[in-house]
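Geometric and topological summary
Chain by chain, the residues run as shown.
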Amino acid sequence: MSHRRRRPLALLTSGVLALPLLAGCSGSDDGGPVAAGQDIAVTAREKVADGGVLRWAVDSLPETLNTFQADADAATTRVAQAVLPQLFTLDEKGRPVANPDYLEKAAIVEREPKQVVLYKLNQQAVWSDGREIGAPDFVAQWRALNGKDSAYWTARNAGYERIEKIERGKSDLEVKVTFAKPYTDWRSLFSPLYPKQVTGTPEAFNEGARGTLKVTAGPFSLGTVDKKTGTAALTRNARWWGRPAKLDTLVLTAVPRAERTAALVAGKVDMAEIDRAGADRIAAARRAAEQTAGPGGAGAPAQTAEAAALRGFTVRKSLEPAYTQLALNGASGPLADERVRRAVARALDRKELAEIVLKPLGLPAKPVGSHVALAGQRAYADNSEALGGQDTKAAQALLADAGWRRGGPITEPDGAKAGPEAEPQAAGKTPSGPGTGNDGLYVVGSEDDRGGDTLDRALPAARSVLGPVALVGGRHLSLAPAPAPAVPGITTPGPDAPAGAPGADTPAGAPGPVGAPAPAGTPAAPDGTPAAPAGGTASPAPAPAQHTRTSGAIMAKDGKALTLRFILPSGPGSEALRSVGERISQMLLKIGVQTELTKVADESFFRDHVASGQYDLALYSWPATAYPATDARPIFAKPEPAADGSLLVEQNYTRVGTDHIDQLFDQALGELDEDASRELMRKADARIWAAAGSIPLYQRPELVAVKPSVANAGAFGLGTPRFQDIGWKKAPSAKESGAGEGKEKNK
């Protein structure tokens, strides 16, 4: 069945050389500068050698080559970008620009009575079988993706369902698209564009493009996909009409994130995105080599084989088109109260959190100010003042207004242990122990009878290392996960439900509260307690003995301490998230909020906790997009109750949303005045900040190890790669080499 889904932006390491701005790429130059530019060793084509092979690491070979299917991933996107038409690509600021290899022009030619977009195709653009790219390909893709034929196994239909018809223009090179409803993000459509052989029938769409693409139209064609060696070869397309690809072959090589450095040492790849630890090892190897080569280096220790190999790489750095956020689950518990969410948000020093990750890398550590765009993109504006900055007094006042007090009474059953010794088996927690994937749970802020007045257990120092963003343990879980299904047996109240509302945390069929009467007919207990008479009512079980203690420095209300479940991934590559999470816990402790930090297995982090709502606080990331009216809406849409009582959240895993936010998104989506549409998106963003369900922290760092002689590739930042320009730099001529040596001597 087809269902709406966020556009997968799985390839977070993509970029372009500057392309000329064509028709259909208008708009004022707002959004400001990018936080960090591309680092791709920009080299003129005449200085790039013709030929050669470049091996580029990917997490795994793609399960499908159809980007519109649910299991498409980063490798799927990378292949599609190299071998299929991309009518619009993203420039270095993450802004859509028309691709002259396929388009002479693309523009809205009519607005009333209906929106009409006219595509004028490059007259040289042909598929690899010699057929012209034209209207039949557009029509077939529209019919496959518009959601009307459930035989097509599509992961999304955003935008295509708004099209009324597609027809040939005045010539075969013109395609006329008429929309039933206006669509501001029309540029997002038909990129990639598949040949009609793939989209023309459900059978071809569902299965035909999973393992092969027989017909392509990019600077590269798909060669051999070898699952035994974990490689997919992209070869120069002989029918390509544009500037020919510099490389003979681009080999995508499957290398798990944890094995990237070893693959570099073994000479298996020439370019790979790496983590902070790998970057540090490369930097150390290069420093050691410089010391050995410098004055007095004769006595320096010999380099290891690993160091000798790593010094042959350089690290190119930028910021990915993705931001890490603190998610606050507003479905139930204390965070169902907007005042508590706002208090948590205002306790955070977002700049300090950004600096933990970015400052040691030499990257800008300015906090992200928008949920819908990143600095440089036209929709970007810092709307964080709608919530307010770090302010301890304001946070405490919000908690007080919500009824939370320091030193309040806490009622507990006799024998209950306080703090980290307490049994961590409450509802929604992952059990600890072998095989559970849980590294354990500890409570920040409840160490002693003083209620966490002091933090005796030293938290690990904030480590300045990379961590995942919508990927856990260094791998993509799903940058655009499918809408979360209703959790079986769990009734989740809406975002406005009060804390403690019936069904908030209790699975269907779970035992009722202690002391509640047993249903009639309950059999005798094993200890011989008699059952109630037939048709009678069982005697209520005696309430357990309880005692009361003070919450100390921790906030309390209605006999309960203000404790939030904070889940963090436990796997390798998640060190930065854990460091940031631990620092957040310390910040919250200052306002009297204690946290239970639970580390869970990477594979269950999203599925069993975030998507199912079994958390209070979580750190994960969303990719930025050039089309926020389309792509961001399901992330922030107000959850809706289903007929069975469950909550349909789309991708809004915080369960926080409002009708007004939805209305602003809908208005922006149908507004064809681009400036007005962006202004509506900024208003929606301000409302999202005010609701305090998602707190953007920092833009993810991008570190890419690459051979120094690789040109026009590396850390692509917000842009799309221009694959035909990637290659190996030509060796400098004797004259150039001499001039370079002279410059070095004069430094």
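Up top is the structure.
Description of the structure in this document. All residue numbers refer to positions counted from 1 along the written sequence of the respective chain. Two thresholds apply to this predicted model, a pLDDT of at least 70 for residue-level local features and 80 or more for giving and counting side-chain atom pairs, whereas whole-chain, interface and lining totals are computed over all residues. The side-chain figures draw on all heavy atoms in the structure; neither hydrogens nor water molecules are used.

Moving on to the sheet that holds strand β5 (residues 116-121). Sheet strands pair by backbone hydrogen bonding; their relative direction is either parallel or antiparallel. Spatially, the 4 strands line up as an open sheet ordered β4-β5-β7-β6, and their pairing is antiparallel. Of all strands in the sheet, those bounded by a partner on one side alone are β4 (103-110) and β6 (163-168). Each strand axis lies, on average, 15 degrees off the axis of its neighbour in the sheet, ignoring direction. Looking at chain direction, β6 and strand β7 (residues 174-179) are connected through 5 bridges and run antiparallel. Within β7, the residue paired with I163 across the bridge is F179. We call two residues in contact when some of their heavy atoms are within 4.5 Å. Axis definition: a line fitted to C-alpha atoms, over the contacting stretch in the case of helices. Angles run 0 to 180 degrees between N-to-C directions. In DSSP terms, a helix is any run of H or I states spanning at least four residues, a strand is any run of E spanning at least two, and both are numbered starting from the N terminus. Lying over the sheet, helix α2 (residues 135-145) contacts β5, β6 and β7, oriented at roughly 160 degrees with respect to β6. At least two bridges found by DSSP between two strands is the condition for calling them paired.

Moving on: the sheet that holds strand β20 (residues 560-561). Strand order in the open sheet made by the 3 strands is β13-β19-β20, with antiparallel pairing throughout. If you trace the sheet from one side to the other, it starts and ends with β13 (405-406) and β20, each paired once.

With that settled, the discussion passes to the packing of aromatic side chains. Pairing of aromatic side chains here covers Phe, Tyr and the six-membered ring of Trp, requires ring centres within 6.5 Å, and sorts the geometry by plane angle: under 30 degrees stacked, over 60 edge-to-face, intermediate tilted. On inspection of all chains with the given rule, the structure shows 20 aromatic pairs. When the centroid spacing of 5.7 Å and the interplanar angle of 90 degrees are considered together, the rings of F88 and W186 count as edge-to-face. Of this pair, F88 sits in strand β2 (residues 88-90) while W186 sits in the loop between β7 and α3 (196-199), placing them 98 residues apart in sequence. W186 carries the same exposure label as F88, and that label is buried. Taking 4.7 Å as the distance between ring centres and 50 degrees as the angle between the ring planes, the aromatic pair formed by F138 and F190 counts as tilted. Remark: F190 occurs in the loop between β7 and α3 and F138 occurs in helix α2; sequence separation between them is 52 residues. Each member of the pair, F138 as well as F190, is classed as buried. Members of the aromatic cluster, each reached through a chain of ring pairs, are F68, F88, Y119, F138, Y160, W186, F190 and Y194. Sitting over a ring, as applied to charges here, requires NZ of Lys or CZ of Arg to be within 6 Å of the ring centre and within 35 degrees of the ring normal. Over the aromatic face of W56 sits the side chain of R78, whose NZ or CZ is 4.0 Å from the ring centroid. Partly exposed residues are those whose accessible area sits between 20% and 50% of the maximum for their type, while under 20% is buried and over 50% is exposed, using a 1.4 Å probe and protein chains only.

Time to look at the pairing of β4. Looking at chain direction, β4 and β5 are connected through 6 bridges and run antiparallel. Each residue of the ladder has a partner; that of K105, found in β5, is K120. In sequence, β4 turns back onto β5 through a hairpin of 5 residues.

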